[in-house]
Amino acid sequence: MAADPLHPYTWDEVAVHSQVLATYLVKIAKKEEAAAKKGEKVQHEETSAEKAISQEEIVDYVQHIGVSGEEAQTRINQLIRVVGEYILDNQAAPYYEINNILFHSLFANNQVVLGGMPKIFKRLVLGNSFTLENLQLLFKNCCLALQKYKAERPNITISDIAMLLYPEVFQATEVIYMTVFLKEMARFAKGDVKAIVGIDFVDPIADTWNNEQIAGIRFEDIIGMPQRVEGDTVDSLIEKQVILDVLLEEPVWQTPYLKNQFPYLTEEENTDATVVDLRKKFYVLHRKYTEIKEKLENTPISQSPK
Amino acid sequence: MKPLPDTSEHQISTSVKELFSQTEESPIFIQIDPTRYLYSQRHIAAKTEDAAVKSEDMQVKFSLEGLRIIFHS
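These numbers were taken from a predicted model, which means no experiment stands behind them. (Residues numbered from 1 in each chain as written. Chains lettered and ligands numbered in written order. Predicted model: local features only at pLDDT ≥ 70, side-chain atom pairs only at ≥ 80, totals over all residues.)

Moving on, we get to the overall build of chain A. Helix and strand counts for chain A stand at 14 helices and two strands. Residue pairs in contact within chain A that sit at least 24 positions apart in sequence constitute 76% of those at least 6 positions apart. (Helix = DSSP H or I, 4+ residues; strand = E, 2+ residues; numbered from the N terminus. Contact = placed C-beta atoms within 7 Å.)

Structure below.
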């Protein structure tokens, strides 16, 4: 049985392998063929990934490769769908042009390595790095700051605030992960490595690159789970993950790719007998923190609790 | 390793094609969450007992030429 995708075991495990994409291409092609035989058209909603690459660019590639016609167009569209679904998970690009760069690189036959820090792993690291009290305070400060910033920027979200107020918490974890990842890649790569990261990460990674504190850190060191904070219990661990879920506005523990929604608990704590109770605790706390956030978010500053 | 490229938004949008227009041996690191890919990759590896994913002989070139082979096989 495949292990849950919490993090890669080695940097090259997330190098995009043609065989993986090919497997899903065949799957999509067979599905479309079967539908065509029945005279049906496969219903397909255009994903953000497909929108990212223009028709003009697709035509460019077709001409570049020297293939033309409807069949080539169909295959390219299928390829875009596979990348959109099986790599990008039909998500909009978190940084300008990132999804487009992925398509360009794959079309140009470059070896692409998906070097972002998995969101799930980031949560595991953060959950074991701070006390419940730390995270509760951080949550409260972000909620209060949200009220203040909303007056000037109505579209700002609490996760934007968290990144803005606490980069040393939410950004630094990713910066260290990616810097160590890049250094590991650079050791193995024959030539140069091109690194494409979000604009917010360029300077921090460049600054961290020569930091002596990370000089001896290897990739296998950063994928290890940090020890629990002393005194943590099942309840406090769940509450910390709930706070992070609400604060970062991404329900990572509901992803369909996880068999185990509580990988931060031990096998003794998370059993068939306890899992229903654990889920209940998680949802009750989630509702509580969401309500607090929404209440503070919608209360004018003058009426907010002191 | 060369210094990191200037990835200001304007720089990226105007240089994407130049950066990736030729096949290269060097890998390209892209800041994309690998969770969905890892799930698919491990799922296939588990099904095929790693054989297909690890075997060099099974490599299919990721291009339209490659796709032609896959679709015709």
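Next comes the rest of the account.
Turning to the overall build of chain B, a few remarks are in order. Helices and strands together make up the secondary structure of chain B, namely four helices and one strand. Burial status across chain B gives 32% buried among its 73 residues. (Buried ≥ 20, exposed ≤ 12 C-beta atoms within 10 Å, placed from the backbone.)

Position of Leu248 of chain A among the secondary structure elements: in helix H13 (residues 234-248). If we ignore the near neighbours within four places in the chain, the residues touching Leu248 of chain A are Ser159 and Ala162 of chain A.

Spatial ordering of the open sheet is given by E1(A)-E1(B)-E2(A), a layout of three strands whose pairing is parallel. In this open sheet, the two edge strands, each paired with only one partner strand, are strand E1 (112-114) and strand E2 (194-196) of chain A. Going from strand to strand, the sheet's axes swing by 20° on average, the running direction of each strand aside. Sheet topology note: the E1 of chain A/strand E1 (residues 28-30) of chain B ladder contains three bridges and is parallel. By the bridge assignment, Leu114 of chain A is partnered in E1 of chain B with Ile30 of chain B. (Pairing = 2+ DSSP bridges. Axes fitted to C-alpha atoms, helices over the stretch in contact; angles between N-to-C directions.)

This paragraph deals with helix H2 (residues 35-47) of chain B. Here H2 of chain B is 13 residues long and its end C-alpha atoms lie 18 Å apart, about the 18 Å a rise of 1.5 Å per residue gives. Turning to H2 of chain B, its buried residues number three or more, namely Thr35, Arg36, Tyr37, Leu38, Tyr39, Ser40, Gln41, Arg42 and Ala45 of chain B. (Expected span 1.5 Å × (residues − 1).)

Moving on, we get to the confidence of the model for chain B. All names here are of chain B. Here chain B averages 56 in pLDDT, and 30% of its residues register 70 or above. When pLDDT is averaged over each helix and strand of chain B, the minimum, 34, is found for helix H4 (residues 64-72) and the maximum, 92, for E1. Segment residues 1-23: pLDDT under 50, and 35 contacts once partners within four positions in sequence are set aside and those in other chains are kept. Here residues 50-73 scores under 50 on pLDDT; set against residues more than four positions off or in separate chains, the count is 38 contacts. Among the prediction metrics, the complex's ipTM stands at 0.87, with pTM recorded as 0.80. (pLDDT = per-residue confidence, 0-100.)

Position of Phe188 of chain A among the secondary structure elements: in helix H10 (residues 172-188). Remark: the alpha-carbon pair of Phe188 of chain A and Ala3 of chain A, spanning 185 residues in sequence, is separated by 25 Å.

Ranked by size, the top nonpolar core spans 73 residues in total, and within it Val83, Leu102 and Val113 of chain A together with Phe29 and Ile30 of chain B carry the most contacts. Ranked by residue count, the leading element in this core is H10 of chain A, at eight residues. Looking at this core, you find at least three residues from each of domain 1 (14-107) and domain 2 (119-303) of chain A. The contact partners of Ile30 of chain B, leaving out residues within four places of it in the chain, are Ile98, Ile101, Leu102, Ser105, Val112, Leu114, Gly115 and Ile196 of chain A. (Core = buried A, V, L, I, M, F, W, Y, C linked by C-beta atoms within 7 Å. Domains from an automatic or database assignment.)

Okay, helix H8 (residues 158-165) of chain A next. Along H8 of chain A, the residues that are buried comprise Ile158, Ile161 and Ala162 of chain A. Axial view of H8 of chain A: buried residues confined to an arc of 100°, hence all on one face. (Arc of directions from axis to C-beta.)

Bringing unusual backbone geometry into the picture now. All names here are of chain A. One non-glycine residue, Asp89, lies in positive phi territory at about 55°. Of note, Glu249 is a non-glycine position whose phi angle comes to about 55°, a positive value. Checked against the element boundaries, Glu249 lands in the loop between H13 and helix H14 (275-297).

What follows concerns the packing of helix H6 (residues 119-127) of chain A against H13 of chain A. Residue and element names in this part refer to chain A. Closest axis-to-axis distance for the H6/H13 pair is 10 Å, and the angle between their directions is 130°. Taken together, the axes of H6 and H13 are oblique relative to one another. For H6 against H13, the interelement crossing comes out right-handed. Contacts between H6 and H13 pair Arg123, Leu126 and Gly127 from the former with Leu237, Lys240, Gln241 and Leu244 from the latter. The residue inventory of the contact of H6 with H13, partitioned by class, reads three nonpolar, two polar and two charged. (Parallel < 35°, antiparallel > 145°, perpendicular 65-115°, else oblique. Left-handed = near helix turned anticlockwise from the far one by under 90°. Nonpolar A, V, L, I, M, F, W, Y, C, P; charged D, E, K, R; others polar.)

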